[in-house]
Amino acid sequence: MKRAAVFGIAAAFVTGVFATTLLAAGPDRVKYPRGFEKDFKRYDIVDKPDRKISRFMYVDPKSAAEAKPGQPMPNGTILVMEDHAVELDAAGNPVTDAAGRLKPTDKIVAVAVMEKRAGWGNDIPPDLRNGDWDYASYTPAGTVNEKAQLNNCFSCHLKVRESDFMFTSIFKSSR
Ligand code: HEC
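Residues numbered from 1 in each chain as written. Predicted model: local features only at pLDDT ≥ 70, side-chain atom pairs only at ≥ 80, totals over all residues. Heavy atoms only, no water.

A. Quick peek at the coordination of the iron atom of the ligand. Coordination of the iron atom of the ligand by the protein comes from a single atom, His157 (NE2), at 2.1 Å. Mapped onto the elements, His157 comes out in helix α5 (residues 150–157). (Donors = N, O, S within 2.8 Å, 3.2 Å for Na, K, Ca; no water. Helix = DSSP H or I, 4+ residues; strand = E, 2+ residues; numbered from the N terminus.)

B. A look at the side chain of Ser54. Take Ser54: it is sitting in strand β2 (residues 53–59). When residues no more than four places from it in sequence are discounted, the contact partners of Ser54 are Ile45, Val46, Asp47, Glu82, Asp83, His84, Val86, Leu102 and Pro104. (Contact = heavy atoms within 4.5 Å.)

C. Just the confidence of the model for the protein, in detail. Averaged over every residue, the pLDDT of the protein is 90; residues scoring 70 or more account for 86%. Throughout residues 8–24 the model reports pLDDT below 50, and contacts reaching past four residues in sequence, or to other chains, amount to 21 contacts. (pLDDT = per-residue confidence, 0-100.)

D. Geometry of the pattern of salt bridges. Tallied over the entire structure, the rule returns 8 salt bridges. Close ionic contact of Arg29 with Asp123 constitutes a salt bridge, the shortest N to O distance being 2.7 Å. Of this pair, Arg29 sits in the loop between α2 (16–22) and α3 (36–39) while Asp123 sits in the loop between β4 (104–116) and β5 (133–138), placing them 94 residues apart in sequence. Classification of Arg29 by relative accessible area gives buried; the value is 13%. (Salt bridge = Lys/Arg side-chain N within 4 Å of Asp/Glu carboxyl O. Buried < 20%, exposed > 50% of the residue type's maximum accessible area, 1.4 Å probe, protein only.)

Next comes the structure, spelled out in structure tokens:
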């Protein structure tokens, strides 16, 4: 788990307490939400032609029901971004449908999860903190993606702080 290692080293300079709490972050607490394809609500699909993927966005149903437009998502929210490989033509370029959208296949290439629980942000270094969100990256089989650099999740999602660190919205779907 690379992020804990990086944080651990950085935090060790500051305080020994930090170093131990940070080991509880990432995939240790943001679990793979098994069965999300059936149990969660799919709220959007985002096309990424350059990466030859379609990204399926899901939210847990309880938080979807409690959420209010323009407000931060409730504590307990789990968001999943499931990357699907798309159909390609003979030249290896993505095929589009009549509406100009990519055509996702059933092949999953990655699963990213973000989850928010009260107090979780206290374990994250202040310059990276995303409110109370934490992040994890999984393989299609649901095992931890050891290659993921989880501090990048925080630094990039920091750009959309004003929308509760979310790039997409459960209230506004592109499909
Ligand atoms: C360089 C910027 C960047 C990085 C790094 C990044 N994301 Fe994202 N993330 C995005 C963008 C942009 C979207 C919206 C979909 C899109 O356009 O690809 C998104 C969407 C998401 C979503 C759906 C909710 C939302 O915010 O719309 C989840 C869940 C997510 N990312 C998790 C992660 C995880 C976990 C990591 C680290 C392993 C990560 N992200 C790293 C930019 C980033």
